[in-house]
Amino acid sequence: MRIVLLGPPGAGKGSLASLYHQRLGVPHLSTGEIFRHEIARDSRLGQRVKRYVTNGRLVPDALVVEVMASRLTTGSRRGFVLDGFPRTREQADRLDRVLEHRRQPLDGAVYLTSPESLLVQRLSGRRVCERCGENYHVRRMPPKRPGRCDRCRGRLITRKDDEPATIRKRLAIDHRTATPLLHYYKRRGILYRVNGSGHVNTVFVRTLKLFRRNGWLHDPTTSLSRRRNQRSPRSRRISRIAAA
Ligand code: AP5
């Protein structure tokens, strides 16, 4: 499948994209993760985007498109999931042109909806591993050992853009940019809204139904069963929480 995952900050895009990768084998690309990684290693790109990302502002369209076009590999049989891109109408238009050129148009734009109070709760409780970038939540998805990543034992930190004032700024920017972006995909007839509230496993299942209904998954049953034994500690933890 070839989809873009849309939604405000804290909608759960990163958490879901990670599950699609672990459970369905669909490669995912996150602009936020790419930028944070480049900032951490103080690369030229990192230096160019740092002031935008840490202040919760959008990186200029031209730079984002340049970064994504060079990293987007459309060769995988399972397609791709884009998380955090596109975020403006201009980016959506440029993405379509890149994919048209490669004769691999998008299947769908999946928009995760959630009340704003839930978004703020999720973002203010988020902790990320400073080494591998894994996401946690102090109450909803806590690590086994407080302050340490289950996967690599790295230190868990608060993202700079998860400070309360920056959260408010990011949500306000999203209010402005989301409407034209959603209109764009609605006009193209490929916009799908999914309720993003509830446990991440519940949301995963909701989206899975959508993917199956539309025939976007490449042999989902096989990949699901094959991957059941290859789950990461986080994915197993999520399943345990869901089963509890
Ligand atoms: P990015 O990293 O993409 O940030 P974002 O879009 O603001 O999204 P978040 O990562 O904050 O939230 P999410 O929806 O992924 O939620 P998550 O799964 O983490 O971008 C960062 C910055 O980079 C931007 O501000 C901008 O500067 C720049 N940038 C990136 N892309 C750009 C672009 N295209 N153009 C211009 N600039 C760009 O979940 C949040 C928390 O909730 C976690 O703690 C998680 O554990 C928890 N959680 C998630 N789902 C659930 C659930 N269902 N139940 C319980 N807890 C949950």
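Residues numbered from 1 in each chain as written. Predicted model: local features only at pLDDT ≥ 70, side-chain atom pairs only at ≥ 80, totals over all residues. Heavy atoms only, no water.

**Q** Break down the overall build of the chain for me, with residues and values.
**A** Within the chain, the secondary structure is distributed over 10 helices and 8 strands. Taking all 244 residues of the chain together, the buried fraction comes to 51%. Accessible surface computed for the chain: about 12,400 Å², of which carbon and sulfur atoms make up 48%. (Helix = DSSP H or I, 4+ residues; strand = E, 2+ residues; numbered from the N terminus. Buried < 20%, exposed > 50% of the residue type's maximum accessible area, 1.4 Å probe, protein only. Areas by Shrake-Rupley, 256 points an atom, 1.4 Å probe, with all protein chains shown as cover.)

**Q** Would you mind going over the pattern of salt bridges in detail, with residue names and values included?
**A** What the rule picks out here adds up to 11 salt bridges. A salt bridge links Arg188 to Asp96; its shortest N-O distance comes to 2.9 Å. With Arg188 in helix α7 (residues 164-188) and Asp96 in helix α5 (residues 89-101), this residue pair connects regions lying 92 residues apart in the sequence. Note on Arg188: relative accessible area 35%, which makes it partly exposed. Asp96 sits in the buried class, given a relative accessible area of 8%. With its nearest N and O atoms 2.9 Å apart, the salt bridge here joins Asp162 to Arg170. Each member of the pair Asp162 and Arg170 is classed as buried. Each of Arg126, Arg159, Asp161, Asp162 and Arg170 takes part in salt bridges that share partners, so that together they form one network. (Salt bridge = Lys/Arg side-chain N within 4 Å of Asp/Glu carboxyl O.)

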